[in-house]
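Geometric and topological summary
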Amino acid sequence: MILYHGTNTDFAEIVLAKCRPNKDFGQGFYLTDIRSQAENMAVRRCEFEGAGVPIVQEYSFDENLLNSCDLKVLKFDGVSDDWAEFILMNRMAKGERKHDNDIVVGPVADDGVVFQLNLYLQHLIDLDTLVEKLRFRKLNNQYYFGTERAIQKLERI
C-alpha cells in the first residue's frame, strides 16, 4: 500500500524524537492512505509554522504487516468509546508514552472532534454523547508509526 505524509520540510530520515508529543495516538510519525488529506496537512503545516512549502512524501508499506505477529498493531475501525478514550489518554500524556503499540490505525480527530473532546473533558457531555456526536462525522484514517521497528517497515518512494 502507499501511505502519504504531509509536511512543510523535506527530510530523508524519520526521527521519532522530532515528532510532536500528545497527538491522537501519541508521539510518532503520522501518515494517511488519502493523498488529498496529506496535501491538506502539508498546507496546514506551512500555515502553522509560517515557513516552508507544502510537500507530500510517499511511502510504500506492506499492509500484510498490519495482521502479522512482527509488529504490535492496534486498529480502530471507527469511532468508539475505546477510540475516544485512547485519544484522550494520548493527548493528555504530557510527553509520556502511554501505550506499547508499534502501529495504530484509526480515524483522525480533526478540529470538530477536538471540540467535542473538550466538551467531554469539561464534563459538559458524557462518553456516550461524545461517541454519538462523533459517529456520523466523515473521518479520515491515520496511520501512526511509533517505534523504530515500525519505521523500518516504511520505504520512501
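Residues numbered from 1 in each chain as written. Predicted model: local features only at pLDDT ≥ 70, side-chain atom pairs only at ≥ 80, totals over all residues. Heavy atoms only, no water.

Thoughts on helix 1 (residues 35-49)
The cut-off we apply is this: Here a helix means four or more residues in a row that DSSP labels H or I, a strand means two or more in a row labelled E, and each is numbered from the N terminus. In a helix, the anticipated span is given by 1.5 Å times the number of residues less one. Here's how the labels work: a residue is buried when its accessible area is under 20% of the maximum for its type, exposed when over 50%, partly exposed in between, all with a 1.4 Å probe on protein chains only. Contact criterion: two residues are considered in contact whenever any of their non-hydrogen atoms come within 4.5 Å of each other.
In a regular helix each residue adds 1.5 Å, so 15 residues correspond to 21 Å; helix 1 covers 21 Å between its end C-alpha atoms and thus fits that length. For helix 1, the set of buried residues is Q37, A38, A42, R45 and C46. Those residues of helix 1 hidden inside the fold are in contact with strand 1 (2-7), strand 3 (55-60) and strand 6 (141-145). Positive phi appears at G50, one or two residues downstream of helix 1, with a value of about 70°.

A look at the pairing of strand 6
Which entries qualify depends on this criterion: Paired strands, in this sense, are two strands between which DSSP finds at least two bridges.
Taken across its five residues, strand 6 has four buried, putting it largely inside the fold. Two strands pair when backbone bridges link them, and strand 2 (residues 29-31) and strand 6 are joined in this way by three bridges, in the antiparallel orientation. Counterpart to L31 in the pairing with strand 6 is Y143. Here strand 5 (residues 103-107) runs beside strand 6; their pairing, made up of five bridges, is antiparallel.

Side note on the packing of aromatic side chains
What counts is decided by this rule: Stacked, tilted and edge-to-face are the three classes applied to pairs of Phe, Tyr and Trp rings, where Trp contributes its six-membered ring and a pair requires centres within 6.5 Å; stacked means planes under 30 degrees apart, edge-to-face means over 60, and tilted covers the rest.
Counted according to the given criterion, the structure contains nine aromatic pairs. Between the aromatic rings of F11 and F29, the centroid separation amounts to 6.1 Å while the plane-to-plane angle is 80°, which identifies the pairing as edge-to-face. In this pair, F11 sits in the loop between strand 1 and strand 2 while F29 sits in strand 2, placing the two residues 18 residues apart along the sequence. Among the residues examined, F29 registers a relative accessible area of 4% and is labelled buried. Consider the rings of F25 and Y144, whose centres lie 6.5 Å apart with planes at 90°: the pair is edge-to-face. With a gap of 119 residues between them, F25 in the loop between strand 1 and strand 2 and Y144 in strand 6 connect regions that are remote in the sequence. For F25, a relative accessible area of 0% corresponds to the buried category. Of the aromatic side chains, those joined through ring pairs into one cluster are F25, Y30, F76, F86 and Y144.

Some thoughts on the sheet that holds strand 1
Put simply, the rule reads: Angles shown run from 0 to 180 degrees and are taken between the N-to-C directions of axes, each axis being a line fitted to C-alpha atoms and, for helices, limited to the stretch in contact.
Across the sheet, three strands lie side by side as 1-3-7; this open sheet has antiparallel pairing. In this open sheet, the two edge strands, each paired with only one partner strand, are strand 1 and strand 7 (155-156). Bridge count for strand 3 against strand 7 is two bridges, and the pairing is antiparallel. Counted as the bridge partner of Y59 is R156 from strand 7. Relative to strand 1, helix 1 is tilted by about 15°, and along the sheet it contacts strand 1 and strand 3.

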